[in-house]
Amino acid sequence: MGSSSAPEPSWASRGRPKKEADAMLGPKLVVFVVGGLAYSELKCAYELTKAHQREVVMGSTSMLTPYQFITALNNMKKLAPFGE
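An account of the accompanying structure is given in this report. As the structure is a computational prediction, the values presented were derived from the model and not from experiment. (Residues numbered from 1 in each chain as written. Predicted model: local features only at pLDDT ≥ 70, side-chain atom pairs only at ≥ 80, totals over all residues. Heavy atoms only, no water.)

### Some words on the overall build of the chain
Defined as follows: Every helix listed is a DSSP run of H or I at least four residues long, and every strand listed is a run of E at least two residues long, numbered separately from the N terminus. Burial classes: relative accessible area under 20% of the type maximum marks a residue as buried, over 50% as exposed, and values in between as partly exposed (1.4 Å probe, protein chains only). Note on contacts: a residue pair is in contact if any heavy atoms of the two residues lie within 4.5 Å.
Looking only at helices and strands, one finds 2 helices and 4 strands in the chain. For the chain, the α and β elements follow one another from N to C terminus as β-β-α-β-β-α. A buried classification covers 12% of the 84 residues belonging to the chain. Residue pairs in contact within the chain that sit at least 24 positions apart in sequence constitute 78% of those at least 6 positions apart.

### Some remarks on the pattern of salt bridges
To keep it simple, the criterion reads: A pair is scored as a salt bridge if a Lys or Arg side-chain nitrogen falls within 4 Å of a carboxyl oxygen belonging to Asp or Glu.
Taken as a whole, this structure holds 2 salt bridges when the rule is applied. For the salt bridge of Lys28 with Glu55, the shortest nitrogen-to-oxygen distance reads 3.9 Å. Here the residue Lys28 occupies a position in the segment before strand S1 (29–33), and Glu55 occupies one in the loop between helix H1 (39–52) and strand S3 (56–60), the gap between them amounting to 27 residues. You can call Glu55 buried: its relative accessible area is 17%. Lys43 is the salt-bridge partner of Glu47, the closest N and O atoms lying 3.8 Å from each other. Of the two residues, Glu47 and Lys43 both sit in helix H1, 4 residues apart, roughly one turn of that helix.

### Considerations on H1
Going by this rule: Under the convention used throughout, the expected extent of a helix is 1.5 Å for every residue step, that is, one less than its residue count.
With 14 residues, H1 extends 20 Å between its outermost C-alpha atoms, agreeing within 8% with the 20 Å of an ideal straight helix rising 1.5 Å per residue. Taken from the residues just after H1, Gln53 is the one with a positive phi, measuring 50°.

### Things to note about helix H2 (residues 66–79)
Given a rise of 1.5 Å per residue, 14 residues ought to cover 20 Å, and the 20 Å separating the end C-alpha atoms of H2 matches this to within 8%. With 0 of 14 residues buried, H2 is to be regarded as a mostly surface element.

### Re the environment of Gln53
With respect to the secondary-structure elements, Gln53 resides in the loop between H1 and S3. Along the chain, Gln53 and Lys28 lie 25 residues apart, while their C-alpha atoms are 9.8 Å from each other.

### As for unusual backbone geometry
Positive phi is not limited to glycine here, since Gln53 has a value of about 50°. The class for Gln53 is partly exposed, based on a relative accessible area of 33%.

### Points about a nonpolar patch on the surface
Going by this rule: Each patch is built from salt-bridge-free residues with over 30% relative accessible area, joining like charges within 9 Å and nonpolar side chains (Val, Leu, Ile, Met, Phe, Trp, Tyr) within 5 Å. Using the Shrake-Rupley algorithm and a 1.4 Å probe, accessible areas are obtained, with residue cover drawn only from the displayed protein chains.
Where nonpolar side chains cluster on the molecular surface, the patch consists of Phe69, Ile70, Leu73 and Met76 and spans about 410 Å² of accessible area. Relative to the helices and strands, Phe69 resides in helix H2.

### Quick look at the side chain of Thr49
As for its position among the elements, Thr49 is in helix H1. Note on Thr49: relative accessible area 7%, which makes it buried. Contacts of Thr49, omitting those with residues within four sequence positions, involve Pro7, Met24, Arg54, Glu55 and Val56.

So, in structure tokens, the structure goes:
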């Protein structure tokens, strides 16, 4: 496994001189998810930041753990009008 680390948040580098290679290209990408955000989706945002050199800011009404996500899926199945 390589030694890759997540990019620093924009506020972490205040007061430090910027390196040319660390400069972000283009405007920030802001994503807000209504209904909950999983940690895996947050990780994808960090990967996008690194791959495209654009800052991705994520927000949500709540953070979902894997257990909460599976429970929500199970509840949706129970509420389906044409369930099995």
